[in-house]
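Here's the letter readout for the chains.
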Amino acid sequence: MSSSQNIRVGVAGFGWMGRVHTQAYARIRHHYPELALTPVLASVADEVPGRADEAAAQFGFETSTTDWHDIEKDSSIGAVSITAPNFLHRTIGTAMVEAGKHIWIEKPVGLSEDDARAVAVAADKAGVQTAVGFNYRNAPAVEEAKALIEAGEIGTVTHARFRFFSDYAAHPDGALSWRFERARGGNGVLGDLASHGADLLWYLLGDIDSLVADTAIFVPQRAKPTGATSGHALATGGELGPVENEDYVSSQVRLASGARATLEASRVSVGEQNAYGFEIHGTKGAVFWDFRRLGELGLSVGDRYQDQPVSTIFVGPKQGEYGAFQPGSASSMGYDDLKVVEAKRFLQSIADGKPVGATIWDAVRSAQVLDAMTRSVESGSWVKPGA
């Protein structure tokens, strides 16, 4: 085993995603023993009383605090995971990079392109490395799909569908948390789920030329919670308040390549649990992927065109980062494994001094697509992302 240097890390925000990041740091040496950097859990911050203390007791953080500024001011901490609510991303992100800390920040990085770009520009000025939580591109099956598309195995891509359906907000008694407020949760399901779709679409198929979108709110009121919420808690009998941001979005997309795509996302899809995936069609074949069958890739190739069959590929050690987790094909990986991959690429980028994996500028690109969707809904017309 090669020698490894320690890097002290902090976690700002300890809801579910803060826990996921922490677990990824804890597992990193199990899967990547040759990695040049080893994370040391230095400090955890969360404003909810007692939450950071509980995290420190469970995971072994050296210190805990209710104020993320304590992590910012600690010069011994070299890297920070930013897993606080969306409206805090810009403030925490810019503060951490200006303090010289590398950041692993969750999507959508704020509430708009302006927020994401502010963090990106500050990070570039500070000369620090960044990683963003676009974890679905880390799935070995997705990386294999990208390789097949780029090799021309399905011919020229003609059209595709990207879907991100979930039921986490389907219950009418779901608490009116920050996620449903425009000022704190931004554009709702666009930031939560469509941001992943926008990243996957670009990662696999390239730049978007223009799009037209439609959105809807299907659960217009929810009960206000009586205390701090975690995850997607229920609240009944409380005062009702308005849901201010989107439950659903659909978009028609024209790609710079000339291909066409649809991108659809919903947080209120009863009967759909994490139904994320894509179907990509080309002039001589197609690829299909469903997150719920993480290690499988549907593939249709050949020269039959009509009545051409679809085969299932079970990914293995030759695809992506699969070999760091399993020795043979068809053993399942899971969501948390994709975050371990993300952590590895973040630490590798710090060690190498150059980006590895999704970066803050990928978040800017995704945010341009989301902002374009919002402008399209307002104008009822086709718009160009970033224009």
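From a predicted model like this one, the values you see are computed outputs, not experimental measurements.

Definitions and cut-offs
- Residues numbered from 1 in each chain as written.
- Predicted model: local features only at pLDDT ≥ 70, side-chain atom pairs only at ≥ 80, totals over all residues.
- Heavy atoms only, no water.
- Axes fitted to C-alpha atoms, helices over the stretch in contact; angles between N-to-C directions.
- Helix = DSSP H or I, 4+ residues; strand = E, 2+ residues; numbered from the N terminus.
- Contact = heavy atoms within 4.5 Å.
- Nonpolar A, V, L, I, M, F, W, Y, C, P; charged D, E, K, R; others polar.
- Left-handed = near helix turned anticlockwise from the far one by under 90°.
- Buried < 20%, exposed > 50% of the residue type's maximum accessible area, 1.4 Å probe, protein only.
- Pairing = 2+ DSSP bridges.
- Polar contact = N/O pair within 3.5 Å; in protein donor to acceptor, adjacent residues only side chain to side chain.

Q: What is the right way to look at the packing of helix H6 (residues 140-150) against helix H8 (residues 189-205) in this model?
A: Between two packed helices, what matters for the description is the angle formed by their axes and the separation of those axes. Following both chains from N to C, one finds H6 and H8 inclined at 35°, their axes separated by 9 Å at the closest point. Along its contact with H6, which presents Val 142, Glu 143, Ala 145, Lys 146 and Ile 149, the element H8 presents Leu 200, Tyr 203, Leu 204 and Leu 205. Considering only residue class, the contact of H6 with H8 consists of seven nonpolar, no polar and two charged.

Q: Where do I start with the packing of H8 against helix H10 (residues 360-379) in this structure?
A: Their axes nearest at 9 Å, the elements H8 and H10 cross at an angle of 115°. In terms of crossing hand, the pair formed by H8 and H10 is right-handed. Packed against H8, whose contacting residues are Leu 190, Gly 191, Ala 194, Ser 195, Ala 198, Asp 199 and Trp 202, the element H10 presents Asp 362, Arg 365, Ser 366, Val 369, Leu 370, Met 373 and Thr 374 at the interface. Taken together, the residues of the contact of H8 with H10 sort by class into seven nonpolar, four polar and three charged.

Q: Sorry, what's going on with the pairing of strand S13 (residues 275-282) here?
A: Within a regular strand, the side chains alternate between the two sheet faces. Of all eight residues making up S13, seven are buried, and the element is well covered by its neighbours. Relative to S13, strand S7 (residues 157-165) is paired through eight bridges, and the arrangement is antiparallel. Directly across from Ala 160, in S13, lies its bridge partner Ile 280. Bridge count for S13 against strand S14 (residues 286-290) is five bridges, and the pairing is antiparallel. The partner of Phe 278 across the bridge, within S14, is Trp 289. Here S13 folds back onto S14, and the loop between the two strands holds three residues.

Q: Teacher, can you tell me more about the sheet that holds strand S15 (residues 296-300) here?
A: Strand order across the open sheet formed by eight strands is S8-S11-S12-S7-S13-S14-S15-S16, with mixed pairing between neighbours. Pairing within the sheet leaves two strands with one partner each, and these edge strands are strand S8 (208-216) and strand S16 (311-314). The average angle at which neighbouring strand axes cross in this sheet is 15°, direction not considered. Together, S7, S13, S14 and S15 form the strand contacts of H6, whose direction differs from that of S15 by roughly 25°. Contacts from H10 reach S8, strand S11 (248-255) and strand S12 (260-266) within the one sheet, and its direction differs from that of S8 by about 60°.

Q: Hey, could you run me through the environment of Asp 209 in this one?
A: Counting through the fold element by element, Asp 209 comes out in strand S8. In this structure Asp 209 comes out as partly exposed when scored by relative accessible area, which is 34%. With 44 residues separating them in the primary sequence, Asp 209 and Val 253 have C-alpha atoms 7.7 Å apart. Excluding anything up to four places from it in sequence, Asp 209 contacts Arg 254, Leu 255, Ala 256, Val 383, Lys 384 and Pro 385. A distance of 2.9 Å separates a polar atom in the side chain of Asp 209 from a polar atom in the side chain of Lys 384.

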